[in-house]
Amino acid sequence: MRLTPWEEERLLIFSAAELARRHRVAGLALNAPEAVALICDAMLEAARAGAYYDAVEDAGRAAVAPGEVLDGVRELVDEVRLEVLMADGARLVVLVDPLGAGAPREADGPGAVRTTRQEIDPTADRERVTLEVRNDSTRAVRVSSHYPFDRVNSRLAFDRQAAAGFRLDLPAGDSVHWRPGETKSVDLVRFGGSTGAAGASVAPGKELP
C-alpha cells in the first residue's frame, strides 16, 4: 500500500489518538501529547465528514474537556495548529488555548517564566558634566549617543576641552539634534574603561538636510 506523507501523518495522529482514548476510558488523566492527538483527530474527522472551518474548530475544542488532563497540561497546550483538507482546499486551523474553557490560567504553570526585574545603570559611578552647545551652522546637526563629544561637528560651539573623554548621557542609538542657531544644554558622561573614548565607532555629528 502506497501512502502519501499526508496519509502517513494522518495514521500517526489516529494511532496516538486511539492510545489516548484507551487511557481516557481507563480513567487516566491525559498528558499533553495525548490531548493534542485527540484534538487533531477530531478536527481531521470533522473535515473528512465535510465540515467547514467553524465546525472543524468546534470539533477540536470539544474533543478534550479541561478536567480530563493532568495538572499543567492546559498551560503546555496553549495553541494547536493543524492543516486540514476541506472541500475548498487545505486550510490551517489554529486553536488558541483549546483546553481553556474560559478558566483563568495558573500563574506558575509549566513553562511559566518568573523574573525579577532590576534596573542597573552601568554608568552610575561615572563622572558627568553639563555643557551649553550652540549650532552655528545654517543646517540642522545631529549627534549620536556614543561618539566622543569633543570630536563632533566643528560647527557646534562649546568647550571642547571640557568634553574630552565624554559622550552624550543617552542610551545606545539615541541622539540629539540642533536646529540652525539653536542652543541646548546637554548632559555628558565619561566613557568607561581605561582607554576612554577609544573604540567608539558611531558616526560624528552630521548636518541634516
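Source: prediction; values computed, not measured.

## Describing unusual backbone geometry
In step 1: Even without being a glycine, Asp-97 presents a positive backbone phi close to 50°.
In step 2: By the element assignment, Asp-97 lies in the loop between β2 (89-96) and β3 (128-135).

## Side note on the packing of helix α1 (residues 5-25) against helix α2 (residues 32-48)
In step 1: Where α1 meets α2, the axes come as close as 8 Å, and the angle between the chain directions of the two elements is 120°. The angle between the axes of α1 and α2 places the two elements in the oblique class. Seen from above, α1 lies across α2 with left-handed handedness. Of the residues in α2, those in contact with Arg-10, Ile-13, Phe-14, Ala-16, Ala-17, Ala-20, Arg-21, His-23 and Arg-24 of α1 are Glu-34, Ala-37, Leu-38, Cys-40, Asp-41, Leu-44 and Glu-45.
In step 2: In the contact of α1 with α2, the residues fall into 9 nonpolar, 1 polar and 6 charged.

## Concerning the sheet that holds strand β8 (residues 183-190)
In step 1: Reading across the sheet, the 4 strands line up as β5-β3-β8-β6 and stay open at both edges, with antiparallel pairing between neighbours. Both edges of this open sheet fall to β5 (156-157) and β6 (166-168), since each of them pairs with a single strand only.
In step 2: Two elements, β6 and β8, share 3 bridges in a ladder whose sense is antiparallel. If you follow Leu-168 over to β8, its bridge partner there is Leu-188.

## Describing the side chain of Ser-137
In step 1: By the element assignment, Ser-137 lies in the loop between β3 and β4 (140-144).
In step 2: According to the relative accessible area criterion, Ser-137 is buried, its value standing at 6%.
In step 3: Among the polar contacts made by the side chain of Ser-137, one reaches the main-chain amide nitrogen of Arg-139 at a distance of 3.0 Å.

## Thoughts on α1
In step 1: For α1, built from 21 residues, the straight-helix expectation of 30 Å at 1.5 Å per residue is met to within 8% by its first-to-last C-alpha distance of 30 Å.
In step 2: Regarding α1, the residues found buried are Arg-10, Ile-13, Ala-17 and Ala-20. Burial along α1 is one-sided: seen end-on, the buried residues are contained in an arc of 90°. In α1, the exposed residues that point more than 90 degrees away from the buried face are Leu-12 and Arg-22.
In step 3: Its buried side turned inward, α1 meets α2 and β1 (79-86).
In step 4: Note on α1: the residue one or two positions beyond its end, Gly-27, has a positive phi of about 85°.

## Describing the pattern of salt bridges
When charged atoms on two side chains of opposite charge get close, those side chains can pair.
In step 1: Throughout the structure, instances matching the rule amount to 12 salt bridges.
In step 2: In this structure, Glu-68 engages Arg-24 in a salt bridge whose closest nitrogen and oxygen atoms are separated by 3.1 Å. Residue Glu-68 is found in the loop between α3 (53-62) and α4 (73-76), and its partner Arg-24 is found in helix α1; the two are separated by 44 residues along the sequence.
In step 3: Residue Glu-79 pairs with Arg-81 through a salt bridge whose shortest N-O separation is 2.6 Å.
In step 4: Arg-81 gets classed as exposed once you look at its relative accessible area, which sits at 51%.

## Side note on the pairing of β1
In step 1: Only one face of β1 is buried: it carries Val-80, Leu-82, Val-84 and Met-86, and the other face, with Glu-79, Arg-81, Glu-83 and Leu-85, is open.
In step 2: Alignment of β1 against β2, held across 8 bridges, turns out to be antiparallel. Bridged to Met-86 within β2 is Gly-89.
In step 3: What sits between β1 and β2 in their antiparallel hairpin is a turn of 2 residues.

## Looking at α3
In step 1: Taken together, the buried positions of α3 are occupied by Val-56, Glu-57 and Gly-60. One face of α3 carries all of its buried residues, which in axial projection span an arc of 100°. Seen from the open side of α3, the exposed residues pointing more than 90 degrees away from its buried face are Asp-54, Asp-58 and Ala-62.
In step 2: Buried residues in α3 make contact with α2, β1 and β2.

Here is what the cut-offs are and how they apply
- Residues numbered from 1 in each chain as written.
- Predicted model: local features only at pLDDT ≥ 70, side-chain atom pairs only at ≥ 80, totals over all residues.
- Heavy atoms only, no water.
- Helix = DSSP H or I, 4+ residues; strand = E, 2+ residues; numbered from the N terminus.
- Axes fitted to C-alpha atoms, helices over the stretch in contact; angles between N-to-C directions.
- Parallel < 35°, antiparallel > 145°, perpendicular 65-115°, else oblique.
- Left-handed = near helix turned anticlockwise from the far one by under 90°.
- Contact = heavy atoms within 4.5 Å.
- Nonpolar A, V, L, I, M, F, W, Y, C, P; charged D, E, K, R; others polar.
- Pairing = 2+ DSSP bridges.
- Buried < 20%, exposed > 50% of the residue type's maximum accessible area, 1.4 Å probe, protein only.
- Polar contact = N/O pair within 3.5 Å; in protein donor to acceptor, adjacent residues only side chain to side chain.
- Expected span 1.5 Å × (residues − 1).
- Arc of directions from axis to C-beta.
- Salt bridge = Lys/Arg side-chain N within 4 Å of Asp/Glu carboxyl O.

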